[in-house]
Amino acid sequence: QVQLVESGGGLVQAGGSLRLSCAASGSAFSNYPMGWFRQAPGKEREFVAGIKWSGGSTSYGNSVKDRFTISRDNAKNTVYLQMNSLKPEDTAVYYCAAWKPTPRWENIARTTTKMADYWGQGTQVTVSS
């Protein structure tokens, strides 16, 4: 069983930056693909970013490419989402997600199309104009 706890959300002005963290409990964290999703009021949940177990492969949603960066520190059981050049449309609750270990050949873009196995409780990000 994996438990995920997000932190780092808050209020920021447009153009600013935030870094979200997701701390994972449980063993074998380094084997789990990890990702971030977000959901704004009245909208469907949206894929933001994903990272393979090794950290060597990442994937991003089109709306955040070139602005957000996902990374992980397996020694700390933590995954991060660095968000730069924030826009009001980035306002949402951001959720950390994890998938059970996948075959080594499976790329992260494929993994993130599947329903995640574990979810955090979410952290609010609000970007003011």
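Our structure's up above, just so we're on the same page.
Predicted model, so just to flag it, every value in this text is computed and none were measured.

This part covers the state of the cysteines. Disulfides are covalent bonds that connect the sulfur atoms of two cysteines. Tallied over the entire structure, the rule returns one disulfide. A disulfide bridge connects C22 with C96, and the sulfur atoms are separated by 2.1 Å. Here the S-S torsion is close to -85°, and the disulfide linking C22 with C96 is therefore left-handed. Linking C22 in strand β3 (residues 18-25) with C96 in strand β9 (residues 92-98), this pair joins segments that are 74 residues apart in sequence. Summarising the burial analysis for this pair, C22 and C96 share the class buried.

As for its placement among the helices and strands, T113 is situated in the loop between α1 (108-111) and β10 (118-119). For T113, the side chain forms a polar contact with the main-chain oxygen of R110, separated by 2.6 Å.

Counting through the fold element by element, T123 comes out in strand β11 (residues 123-128). T123 sits in the buried class, given a relative accessible area of 11%. Side-chain polar atoms of T123 contact the backbone nitrogen of G9, separated by 3.3 Å. Aside from chain neighbours lying at most four places away, what touches T123 is E6, S7, G8, G9, L20, A92, V93 and Y94.

The rules behind the values
- Residues numbered from 1 in each chain as written.
- Predicted model: local features only at pLDDT ≥ 70, side-chain atom pairs only at ≥ 80, totals over all residues.
- Heavy atoms only, no water.
- Disulfide = S-S within 2.5 Å.
- Helix = DSSP H or I, 4+ residues; strand = E, 2+ residues; numbered from the N terminus.
- Buried < 20%, exposed > 50% of the residue type's maximum accessible area, 1.4 Å probe, protein only.
- Polar contact = N/O pair within 3.5 Å; in protein donor to acceptor, adjacent residues only side chain to side chain.
- Contact = heavy atoms within 4.5 Å.

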